[in-house]
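A structural walkthrough
Here's the letter readout for the chains.
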Amino acid sequence: MTHSILDNRPALAREVADVSEVAGYLWQKGWAERNGGNITVNVTDSIDEEIRTMLPVSEKIPIGRELPYLKGTYFFCKGTNKRMRDLARWPMENGSVIRILDDCASYEIIADKPVKPTSELASHLSMHNYLIGKGSSYKAALHTHPIDLIAMTHHPAFLEKDKLTYLLWSMIPETRAFCPRGLGIIPYAMPSSFELADATLKELEEYDVVMWEKHGVTAVGENIMEAFDMVDTLSKAAQIYLTAKSMGFEPEGTTIEQMEELKLAFNLPK
Ligand code: 2HA
Ligand code: ZN
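First things first, this report covers the structure right here in the doc. Fair warning: this is a prediction, and the values are worked out from it, not measured in the lab. (Residues numbered from 1 in each chain as written. Chains lettered and ligands numbered in written order. Predicted model: local features only at pLDDT ≥ 70, side-chain atom pairs only at ≥ 80, totals over all residues. Heavy atoms only, no water.)

**Here's the deal with the sheet that holds strand β7 (residues 183-186)**
Definition in use: When DSSP finds two or more bridges between two strands, those strands count as paired. Helix numbers and strand numbers start at the N terminus; a helix is a DSSP run of H or I with at least 4 residues, a strand a run of E with at least 2.
The strand order across the open sheet built from nine strands is β2-β5-β4-β3-β1-β6-β9-β8-β7, with neighbouring strands paired in mixed fashion. Two strands lie at the open edges of the sheet, namely β2 (61-62) and β7, each paired on one side alone. The pairing of strand β1 (residues 38-42) with strand β3 (residues 74-78) spans three bridges and is antiparallel. If you follow Thr40 over to β3, its bridge partner there is Cys77.

The following block contains the structure:
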């Protein structure tokens, strides 16, 4: 019988179970080819004293930058080069808990196995650092590769600020209500780069979901389900647009007046 740090820790086990559930959805949606996409969740609130003093299963690993608000925090992270569909079934073999060390610039891995975190760790941890710094209650960051939304970023017209936001909002009212801050656009940048991480942070000031041009979507939320729901809602709107186009017409979209009405009814920010 092998032991897991999830044993007798229902709160942490629940966090990891939610990540596995979302990982399965990402695979089923066709958004997670091979090792595509990554998830990190700030699980510090579910960490007990025993884990705080637990010996790591890795060396100290540099993050590559200093992130002052992350001192003493813990994250569950998908492993680099691991598949979402495997994370769904065997979360502790395809993901791990990391402890950010007191220098705020390095981390170590805590049981069960020394699974090294995602290649996008720098951008994920930078996002968490930013969120904690501004007092946000958001704990989850999701990066995934939705086919429809990525396809749209291959058209320059859709890369103009808020063009996609209004188009997708106008496809079905739920999009406006459940993705109320819209969709930020980040010009193409090298995957895993600090350039991409910093551009993402800047857009998070205004949006909860950002498109990485010709690459994917990154979303932050209170928890992983919420982050997933926002991307799912946007992808649904994109599907409606594409379905109308494939039927040979330009979808009409809800009017500015109808959107204003929703804004008032739901008390939306934009
Ligand atoms: O983790 O999606 O952007 C694989 C990726 C990198
Ligand atoms: Zn990616």
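**A word on helix α9 (residues 224-246)**
Our working rule: Here the expected span of a helix is defined as 1.5 Å times the quantity of residues minus one. Accessible area is worked out with a 1.4 Å probe on protein chains only. A residue is then buried under 20% of its type maximum, exposed over 50%, and partly exposed in between. Polar contacts, as used here, are pairs of N or O atoms within 3.5 Å; protein pairs need one atom able to donate a hydrogen and one able to accept it. Residues neighboring in sequence count only if both atoms are side-chain atoms.
Here α9 spans 32 Å end to end across 23 residues, near enough to the 33 Å set by a 1.5 Å rise per residue. Restricting attention to buried positions, one finds in α9 the residues Ile224, Ala227, Phe228, Met230, Val231, Thr233, Leu234, Ser235, Ala237, Ala238, Tyr241 and Ala244. With a side-chain oxygen positioned 3.2 Å from the backbone nitrogen of Met225, the residue opening α9 is Asn223.

**Regarding the site of ligand 1**
What counts is decided by this rule: We call a residue near a given molecule or strand whenever any one of its heavy atoms falls within 4 Å of it. For every accessible area listed, the method is Shrake-Rupley and the probe measures 1.4 Å; residues are considered covered only by the protein chains on display. In this classification, the charged set is Asp, Glu, Lys and Arg, the nonpolar set is Ala, Val, Leu, Ile, Met, Phe, Trp, Tyr, Cys and Pro, and all remaining amino acids, among them Gly, are polar.
Around ligand 1, a shell composed of Asn35, Gly36, Gly37, Asn38, Ser119, Glu120, His143, His145 and His215 is seen. Asn38 has a polar side-chain atom sitting 2.7 Å from an oxygen atom of ligand 1. His215 places a polar side-chain atom, nitrogen or oxygen, 3.0 Å from an oxygen atom of ligand 1. Relative to its unbound accessible area of 220 Å², ligand 1 is 89% covered by the protein chains. Looking at side-chain class alone, the shell around ligand 1 contains no nonpolar, eight polar and one charged residues.

**A look at the coordination of the zinc ion (ligand 2)**
This is how the line gets drawn: Listed donors are limited to N, O and S atoms within 2.8 Å of the metal, widened to 3.2 Å for Na, K and Ca; water is not among them, so incomplete-looking sites are possible.
Each protein donor to the zinc ion (ligand 2) is listed here as His143 (NE2), His145 (NE2) and His215 (NE2); together their distances run 2.0 to 2.1 Å. Along the chain, the residues donating to the zinc ion (ligand 2) are arranged with the sequence spacing H-x1-H-x69-H. Separated by 70 residues along the polypeptide, His145 in the loop between β6 (140-144) and α5 (147-152) and His215 in the loop between β8 (209-212) and β9 (216-221) bring together distant segments of the chain. A relative accessible area of 13% means that His215 is categorised as buried.

**Some points on helix α8 (residues 194-204)**
One full turn of an α-helix is made of 3.6 residues, so residues set three or four places apart face in the same direction. Worth spelling out the cut-off: Note: the arc covers the axis-to-C-beta directions of the helix.
Those residues of α8 lying buried are Leu196, Ala197, Thr200, Leu201, Glu203 and Leu204. Summarising the axial view, the buried residues of α8 lie within an arc of 165 degrees, below the 170-degree limit, and thus occupy one face. In α8, the exposed positions angled more than 90 degrees off the buried face are occupied by Glu195 and Lys202.

**Looking at the pairing of strand β5 (residues 106-110)**
Here β5 lies mainly inside the structure; five of its five residues are buried. Side chains Ser106, Glu108 and Ile110 project from β5 onto one buried face, and the interleaved Tyr107 and Ile109 project onto a second face that is buried too. As judged from the four bridges shared by strand β4 (residues 95-100) and β5, these two strands associate in the antiparallel manner. Looking across to β5, one finds that Val97 is bridged to Ile110. Where β4 folds back on β5, the antiparallel hairpin that results is connected by five residues, among which Cys104 adopts a positive phi of roughly 60 degrees.

**Details of the side chain of Asp86**
Short version of the rule: Contacts: residue pairs with any heavy atoms within 4.5 Å of one another.
Mapping Asp86 onto the fold places it in helix α3 (residues 84-89). By relative accessible area, Asp86 is classed as buried at 11%. In contact with Asp86, other than residues within four places in its own chain, are Pro91 and Asn94.

**Quick word on the packing of helix α4 (residues 121-133) against α8**
Between two packed helices, what matters for the description is the angle formed by their axes and the separation of those axes. For clarity, the cut-off: Each axis is a line fitted through C-alpha atoms, taken for helices only over the stretch in contact, and angles between the N-to-C directions span 0 to 180 degrees. Comment on the angle field: the value is read as roughly parallel under 35 degrees, roughly antiparallel over 145, roughly perpendicular from 65 to 115, and oblique elsewhere. By definition, turning the near helix anticlockwise from the far helix through less than a right angle yields a left-handed crossing, and turning it clockwise yields a right-handed one.
In contact at an axis separation of 9 Å, α4 and α8 are set at 30 degrees when each is read in the N-to-C sense. Taken together, the axes of α4 and α8 lie roughly parallel to each other. With respect to the hand of their crossing, α4 and α8 are arranged in right-handed fashion. Contacts between α4 and α8 involve Ala122, Ser123, Ser126, Met127 and Tyr130 from the former and Phe194, Ala197, Thr200, Leu201 and Leu204 from the latter. In terms of residue class, the contact of α4 with α8 is built from seven nonpolar, three polar and no charged.

**Some remarks on the pattern of salt bridges**
Test applied: A side-chain nitrogen of Lys or Arg and a carboxyl oxygen of Asp or Glu constitute a salt bridge if their distance falls within 4 Å.
Overall, the coordinates contain 17 salt bridges when judged by the stated rule. Note that Arg99 is salt-bridged to Glu108, the shortest N-O span being 2.7 Å. Beyond isolated ion pairs, a larger network of salt bridges with shared partners links Lys161, Asp162, Glu206 and Lys270.

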